[in-house]
Amino acid sequence: MRNLTLLTDLYQLTMLNGYFENNVHEDIVIFDMFFRKNACDGGYTIICGIDQLVEYIDNLYFSDSDMEYLKSLNLFSDKFLDFMKNFKFTGDIYAVEEGTIMFPNEPVITVKAPLYQAQIIETAMLTMVNFQSLIATKASRVCFAAQGDPVLEFGLRRAQGPDAGIYGARAAVIGGCVATSNVLAGKKFDLPVAGTHAHSWVQKFDDELEAFEAYARVYPDKCMLLVDTYNVLESGVPNAIKVFKDVSEKGYKPIGIRLDSGDLTYLSKEAKQMLDDAGFPNMTITASNDLDEYTITALKAEGAKINSWGVGTKLITSADSPALGGVYKLAASYEDGVLTPKIKISANPEKINNPGYKKVVRIYSENGKAEADLITLHDEKIDESKPLEIFHPTYTWKTKTFKKYKIKELLQPLYINGISKYNKKTVTEIKNHVQYELSTIWNQYKRLSNPHIYKVDLSKELWDLKTKMIDSKKSL
């Protein structure tokens, strides 16, 4: 396990030193992590990275070399450094289950802890959850575009470094991909791995047919051939067919071909016809070459005969939406034992946070569909036997009343008094949870472009609190 304690911004540590010098470092505070805009400009975001966060918290301590380095910066008092030597997280963390679908401005993680503990975990938490949530969501969109065809994650060589490649592969499989080309990720997270050969394999041999025959001798039962090294229709597919016939005569079942360049719609249609005519109607035709959800949608609309997709660069980097803007904001502080809500006022209304100690409730209809989320104060109760009215937090005249419904609290204990309550799950289990979550939201929220906006409202008590605090700050 890696010690990532210094995986933080310097200002976290200077603030901690300042809190210590002002004797407020032990004050109990509440921070919320949330995002203001869905990943990939979509209608939802899949939360991912909780497992890595737990690993980080469990290994959070300052080593001797950490302390020596901090001392060398000449920024921190000796008393503060002595205090931090024995650092151990002792607070509470509530989080949604990994793989849960969430929406803007909802607390995804809530931390209740001494100020110095809650502050120091901010940066690492954000980098872990922001990135993996982004990639899981991007993968989900790509898989949605593929309409049930298998999607393979091929992005390692284009990832923004080894960790992005490893954890991005995990997130992509959680989001819906069936396998990854990343062998280390496969080992680390027990992910299915996939891959055959590159163009260099074909180039190494004197001719294409010889290259295909050599590959088939080694992997007769995994014969997937890359057919675009020279000419797809004049040599690639014909040579693949010759090898497939030979493999079949020996009792093996070839898999198919891969296209990595050219007009994928035209080439796939022609290749499909050639394979059908040769007696191979059930071959897999895999496409790669800078694909994303929009390209796949277009290829599907054009009638491309592709039934498997290898997606690399634009998935592992989420190329069109390269960051999830998750933030971590102070929501409350216990002062003299009394909970005091905190609010950040901004000239940009979307940056005004929801104050107080909160929870998130999801409202389900009788058919099990998620209809809306309600952010409430932590101690509020909802009686499911009574009608529940919600209203838009900005356009308050827009209301909706639920009469037959079920609710679910989304934030569950991750740590209580520093003790882990985390129930570790396999990637497959988390992936299954994602699929369940997707089945509970209507298709209009899954649209790749201009999705419908899911209802996220504030309870009347929270709305009143927020409005009162905003009004009170106007004169400051």
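Residues numbered from 1 in each chain as written. Predicted model: local features only at pLDDT ≥ 70, side-chain atom pairs only at ≥ 80, totals over all residues. Heavy atoms only, no water.

(A) Just the UniProt feature "domain: Nicotinate phosphoribosyltransferase C-terminal" (unreviewed entry) in the protein, in detail. Mapped onto the present numbering, the UniProt feature "domain: Nicotinate phosphoribosyltransferase C-terminal" (unreviewed entry) falls on residues 358–466. Regarding residues 358–466, the helix share stands at 19% and the strand share at 34%, and the terminal C-alpha atoms are separated by 12 Å. (UniProt positions renumbered as here; feature names shortened; annotations may be inferred. Helix = DSSP H or I, 4+ residues; strand = E, 2+ residues; numbered from the N terminus.)

(B) Representation of the sheet that holds strand β19 (residues 412–416) in the model. With antiparallel pairing, seven strands are arranged side by side in an open sheet as β13-β12-β1-β5-β3-β19-β20. In the strand order of this sheet, the two ends are held by β13 (338–341) and β20 (419–420), each with one partner. Inspection of the sheet shows strand β12 (residues 326–335) paired to β13 by four bridges, in the antiparallel sense. Within β13, the residue paired with Ala332 across the bridge is Pro341. With respect to the sheet, helix α6 (residues 122–146) is in contact with β1 (28–35), β5 (109–114) and β12, its orientation differing from that of β12 by roughly 140°. (Pairing = 2+ DSSP bridges. Contact = heavy atoms within 4.5 Å. Axes fitted to C-alpha atoms, helices over the stretch in contact; angles between N-to-C directions.)

(C) Main features of empty space enclosed by the protein. Applying the stated criterion across every chain yields a total of one cavity of 30 Å³ or more. The space that makes up the largest cavity amounts to roughly 50 Å³. Surrounding the largest cavity, Arg2, Leu4, Gln52, Glu55, Tyr56, Met128 and Tyr167 form its lining. If you tally residues by element for the lining of the largest cavity, the top one is helix α2 (residues 50–58), at three residues. Along the lines of polarity and charge, the residues of the lining of the largest cavity split into four nonpolar, one polar and two charged. (1 Å grid on protein atoms, 1.4 Å probe; cavity = no way out; pocket = protein on both sides within 12 Å on 5 of 7 lines; lining within 4 Å. Points joined across faces, edges and corners; volume = space filled by probe spheres on them. Nonpolar A, V, L, I, M, F, W, Y, C, P; charged D, E, K, R; others polar.)

(D) Broad picture of the environment of Ala146. Within the secondary structure, Ala146 sits in helix α6. Among the residues examined, Ala146 registers a relative accessible area of 0% and is labelled buried. The sequence separation of Ala146 and Gly368 amounts to 222 residues, and the corresponding C-alpha distance is 25 Å. Aside from chain neighbours lying at most four places away, what touches Ala146 is Val151, Ile296, Lys300 and Trp309. (Buried < 20%, exposed > 50% of the residue type's maximum accessible area, 1.4 Å probe, protein only.)

(E) Fine view of the UniProt feature "domain: Nicotinate phosphoribosyltransferase N-terminal" (unreviewed entry) in the protein. The positions that UniProt labels "domain: Nicotinate phosphoribosyltransferase N-terminal" (unreviewed entry) are, in the present scheme, residues 6–130. In residues 6–130, the share of helix is 42% and the share of strand is 18%. The end C-alpha atoms are 18 Å apart.

(F) Quick look at the packing of aromatic side chains. Under the criterion given, the structure shown has 18 aromatic pairs. An angle of 40° between the planes, with centres 5.8 Å apart, marks the rings of Phe76 and Phe80 as tilted. Each member of the pair Phe76 and Phe80 is classed as buried. Consider the rings of Tyr215 and Tyr219, whose centres lie 5.3 Å apart with planes at 40°: the pair is tilted. Judged by its relative accessible area of 6%, Tyr215 is buried. Put simply, the rings of Phe20, Phe62, Phe76, Phe80, Phe83, Phe87 and Tyr116 touch in pairs and so form one group of aromatic residues. In this structure, Lys369 packs its charged tip against the face of Trp442, placed 5.1 Å from the ring centre. (Phe/Tyr/Trp six-rings, centres within 6.5 Å; stacked < 30°, edge-to-face > 60°. Lys NZ or Arg CZ within 6 Å of the ring centre and 35° of its normal.)

(G) View of the sheet that holds strand β10 (residues 284–287). Judged by pairing direction, the sheet is parallel, and its six strands sit side by side in the order β7-β6-β11-β10-β9-β8 without closing on themselves. At either margin of the open sheet sits one strand with a lone partner, and together these are β7 (179–180) and β8 (224–226). Here two bridges tie β10 to strand β11 (residues 308–311), and the two strands are oriented parallel to one another. The partner of Thr286 across the bridge, within β11, is Ser308.

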